[in-house]
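Geometric and topological summary
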Amino acid sequence: MESLTAAEVVGRTLAALGVQDAFGVLGSGNFLASQAMHAEGVAFHHTRHEGGAICMADGYARVSGRVGVCSVHQGPGFTNAMTGLTEAAKSRTPLLLIAGEAPAAALRSNFRLDQAALATTVGGAADRVHSGASAADDVARAFRRAQLERRPVLLSMPLDVQAQPASDSTPASAPLPAPTAPSPTAIAEVAALIAAAQRPVIIAGRGAVLADAREPLEALGDAIGAMLATSAMGNGLFSGSRWNLGISGGFASPAAARLISESDLVLAFGAKLTRWTTRDGALINPAAKVVQVDLDPDAAHQPADVAVIGDAAATARALLDAGVRNEGFRTDAPSWRDEPFDDVGGDGHIDPRTLSMALDSMLPDDRTLAVDSGHFMGFPPMYLRVPDPAGFVFTQAFQSIGLGLASGMGAAIARPDRLTVACLGDGGALMSLPELETLARLRLPMLVVIYNDAAYGAEVHHFGPHGHPVELVQFPDTDFAALAQAAGAQGLTVRTEDDLAAVEPWLARRDGPLVVDAKITPDFCAEWLEEAFR
Ligand SMILES: Cc1ncc(C[n+]2csc(CCOP(=O)(O)OP(=O)(O)O)c2C)c(N)n1
Ligand SMILES: [Mg+2]
C-alpha cells in the first residue's frame, strides 16, 4: 500500500467521521490535509478571508447540528479567524478548526505563534496532531470534543508532524452521553414555585435550542398555563404556537413586553437572562420568582430563586413527570405586525419596518434568516418570521459587526432546501466585502438585504442624541448593487416598497445571489436602541 502522511490522514479521517462540507482559505500549512479530505468527497468551500471561512463553518453548524469544519494556514491564517472563533465559542457552536502550525523547533519562523493560547483565550479548546502514528486518533478526539463540549476546538498541525508517515485507522465512535438530568430536590423546589404561581412564563434560550426542547417545553407550558417566549438566540423555538410571545427583551412588542413583566414566575430554560433578554431587568417583575435551568451553574445574569443544573429538555420532562399543573394565565400572543406605526420613509428612503414587513410577506416561509450586528439588527427578527430555531442565525454572542454575511452563506450551504436571507448593515457588509466574491463565485441562491443608512447608525444614534458630533461615523453612500454586480452577483437598489417588486422574478429563478441595497431612512432610531442608550 502506498504510504500516507499525517496531513493526508487528517483529511481522510475527517471524511471518515462523516464530514460533508468544509470551509477555508488554503495556504501551504493546510493544503495537503484539505486536499486529502476533498479527495475523499468532502466539499471544500474556499472563501477569500479566514474571517469568512470560520463564520461559514459556524453558520453551517448552527443550522445543521453537524460539526462545522474550518481549515486555515498557520499564523496569520489562524489569527484572521479570531473574531469568528470568539463568536463561535460564545455561541457554543461545535466547530473544528484545523490549522497549520510552525514546527516546535522552528524558533525563528515568521509564522511562530502560540496558537493554542490564543484559541483558549477566546473560549475555544486547543489540541494538536502529535505524531504520524497518532494523527487519526488526534483528529477523532478533537472532533468528538467539539461535539461533547459544544465549542470550537483548534487542531493545530505542525508542519514537521504533517510530513510524518501515518496510517488510516477507523476512529472509534462511542455514543454521546445522555443529557444531564436535574436533581429531584431541584425539581421539587421548582414544582413548589409553579404551584404558587398565577402567571408563569417560560423563556427559552440557546440552551433549549441545543437540547431540542420545543416539545417538552410546550407540553410544560400547556400543563402549567405558561406563556412562551425566547431570548433572541432562541428565536423560532415556539414558532407557530398560539402562546408564543416571541423574543423577550428589546425586540419584544409592547404587548408582549407587558405580559412578560406581569409574570410572577419566570422559568428560564437555557437562557442566561442577559440585560438584552430582560431589558436591563425591567421585564422581570420585582415580585417575580426566577428559576434558572442551565447546564452551566454560572449561567445566570440575574439572581435566581432556584438554579437547576440540567439539560433544558430533560428538566422540562422531569417537571412533567413530577405532575406539575397550574391553570396559570394564557392569552393569544400579540405580534409586532399588530402594532401600528407611522411610516417615516420618503425622499428616496424606505422605512426599515416597511421594508422588513414587505419582505416577510414576499419571501417563502421556509427560510433561514441570518442577521449581522448594528442598529438595524432589530428589524429583521421583529418583522421577519422564522420557521424554527435552525431558521435563525444571530451572530451577536460577541456583538461583532461583519459576521452575518458569511454565517448566512454557511447556513445556505447546510440548508439548500430553504431560502437564506442575510440581513446586514452597510458597515457590516463593507467589513465582510471579500465574501461578496465568494457568494457570487459559489452562486449561492441567497438574498442579501443591506439596511443601508450610509452610516454606523448604532453610533450615530448612540452619541448624536447626547450632543456629540457624529460626522466621523457618517459616510458617502455606497452603491451595493453595483458592487454586487462587479463581484458577479445580481444587485437591486430599493428606495420604495414598489422597488421590491423586482425581487419577485428573482424568487422564481433563484439562480444565484441577489443583493438588495435598501436605502433606509437614516435618522429614524429603533426604540430598543434608544432605550438601551438612554
Ligand atoms: C468588529 C466591530 N467593530 C466595531 C463595532 C462597533 N459597532 C457596533 S454597531 C456599529 C455600526 C454598524 O454599522 P452598520 O453595519 O451600517 O449598521 P447600523 O448600525 O448602521 O444599522 C459599530 C461600528 C463592533 N460591534 N464590531
Ligand atoms: Mg449603517
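Residues numbered from 1 in each chain as written. Chains lettered and ligands numbered in written order. Predicted model: local features only at pLDDT ≥ 70, side-chain atom pairs only at ≥ 80, totals over all residues. Heavy atoms only, no water.

Taken together, the protein ligands of the magnesium ion (ligand 2) are Asp426 (OD), Asp453 (OD) and Ala455 (O), with distances of 2.1 to 2.2 Å. Sequence positions of the donors to the magnesium ion (ligand 2) reduce to the motif D-x26-D-x1-A. When its relative accessible area of 11% is taken as the criterion, aspartate 453 is described as buried. (Donors = N, O, S within 2.8 Å, 3.2 Å for Na, K, Ca; no water. Buried < 20%, exposed > 50% of the residue type's maximum accessible area, 1.4 Å probe, protein only.)

Next up on the list: the packing of helix α11 (residues 214-224) against helix α14 (residues 312-321). One way to put it is that α11 packs onto α14 with a least axis distance of 8 Å and a crossing angle of 35 degrees. The interaxial crossing formed by α11 with α14 has left-handed handedness. Along its contact with α11, which presents Glu215, Pro216, Leu217, Ala219, Leu220 and Ala223, the element α14 presents Ala313, Ala316, Arg317, Leu319 and Leu320. For the contact of α11 with α14, a count of residues per class yields nine nonpolar, no polar and two charged. (Axes fitted to C-alpha atoms, helices over the stretch in contact; angles between N-to-C directions. Helix = DSSP H or I, 4+ residues; strand = E, 2+ residues; numbered from the N terminus. Left-handed = near helix turned anticlockwise from the far one by under 90°. Contact = heavy atoms within 4.5 Å. Nonpolar A, V, L, I, M, F, W, Y, C, P; charged D, E, K, R; others polar.)

Attention now goes to the packing of aromatic side chains. Under the counting rule described, the total for this entry stands at 10 aromatic pairs. Between phenylalanine 251 and tryptophan 528, the aromatic rings sit 5.2 Å apart at their centres with planes inclined by 85 degrees, giving edge-to-face as the arrangement. Taken together, the residues span a long stretch of sequence, with phenylalanine 251 in the loop between β11 (244-247) and α12 (254-261) and tryptophan 528 in helix α23 (residues 527-533) at a distance of 277 residues. A residue is classified by how much of its surface remains accessible, and phenylalanine 251, at 10% relative accessible area, is buried. Taking 5.9 Å as the distance between ring centres and 50 degrees as the angle between the ring planes, the aromatic pair formed by tryptophan 336 and tyrosine 383 counts as tilted. Taken together, the positions of tryptophan 336 in the loop between α14 and α15 (352-362) and tyrosine 383 in helix α16 (residues 379-383) put the pair 47 residues apart, joining distant regions of the chain. What links up through ring pairs into an aromatic cluster is the set Phe251, Phe392, Phe394 and Trp528. Arginine 275 extends its terminal NZ or CZ atom over the ring of tryptophan 276, reaching a point 4.4 Å from the ring centre. (Phe/Tyr/Trp six-rings, centres within 6.5 Å; stacked < 30°, edge-to-face > 60°. Lys NZ or Arg CZ within 6 Å of the ring centre and 35° of its normal.)

Among the structural elements, phenylalanine 31 can be located in helix α2 (residues 31-39). Accessibility expressed as a relative area gives 39% for phenylalanine 31, which makes it partly exposed. Note: C-alpha distance between phenylalanine 31 and glycine 310 (279 residues apart in sequence) is 42 Å.

Before going further, it helps to examine the site of ligand 1. Taken together, 18 residues sit near ligand 1, with His375, Asp426, Gly427, Gly428 and Gly457 positioned nearest. Within the backbone of alanine 455, an N or O atom sits 2.9 Å from an oxygen atom of ligand 1. For ligand 1, whose accessible area on its own is 570 Å², the fraction buried by protein is 78%. Mapped by element, the contributors of at least two residues to the shell around ligand 1 are α18 (426-431) and α20 (457-463). (Near = heavy atom within 4 Å. Polar contact = N/O pair within 3.5 Å; in protein donor to acceptor, adjacent residues only side chain to side chain. Areas by Shrake-Rupley, 256 points an atom, 1.4 Å probe, with all protein chains shown as cover.)

With the exception of glycine, most residues fall at negative phi, and the peptide bonds are largely trans. The backbone of arginine 150 sits at a positive phi, close to 45 degrees, despite the residue not being glycine. Mapping arginine 150 onto the fold places it in the loop between α7 (135-149) and β7 (152-158). Phi at arginine 443 takes a positive value of approximately 50 degrees, unusual for a residue other than glycine. Relative to the assigned elements, arginine 443 resides in the loop between α19 (434-441) and β18 (447-452).

The strand order across the open sheet formed by six strands is β11-β10-β9-β12-β13-β14, and the pairing between neighbours is parallel. Each of the sheet's edge strands pairs with one partner strand only, and the pair in question is β11 and β14 (306-309). Strand-to-strand, the axes of this sheet are offset by a mean angle of 15 degrees, without reference to chain direction. Here strand β10 (residues 227-230) pairs with β11 via two bridges, running parallel. From the neighbouring strand, leucine 228 faces β11, where its bridge partner is asparagine 244. Running over the sheet, helix α9 (residues 184-196) touches β12 (265-269), β13 (289-294) and β14 and is turned about 140 degrees from β14. (Pairing = 2+ DSSP bridges.)

Here we come to the pattern of salt bridges. One side chain can pair with another of opposite charge once the charged atoms of both are near each other. Going through the model one piece at a time under the given rule, you end up with 30 salt bridges. Across the pair aspartate 366 and arginine 418 runs a salt bridge, and its minimum N-O distance is 3.0 Å. With a gap of 52 residues between them, aspartate 366 in the loop between α15 and β15 (367-371) and arginine 418 in the loop between α17 (404-414) and β17 (419-425) connect regions that are remote in the sequence. By relative accessible area, which is 39% here, aspartate 366 ends up partly exposed. Salt bridges sharing partners connect three or more residues here, namely Arg337, Asp360, Asp365, Arg367 and Arg385. (Salt bridge = Lys/Arg side-chain N within 4 Å of Asp/Glu carboxyl O.)

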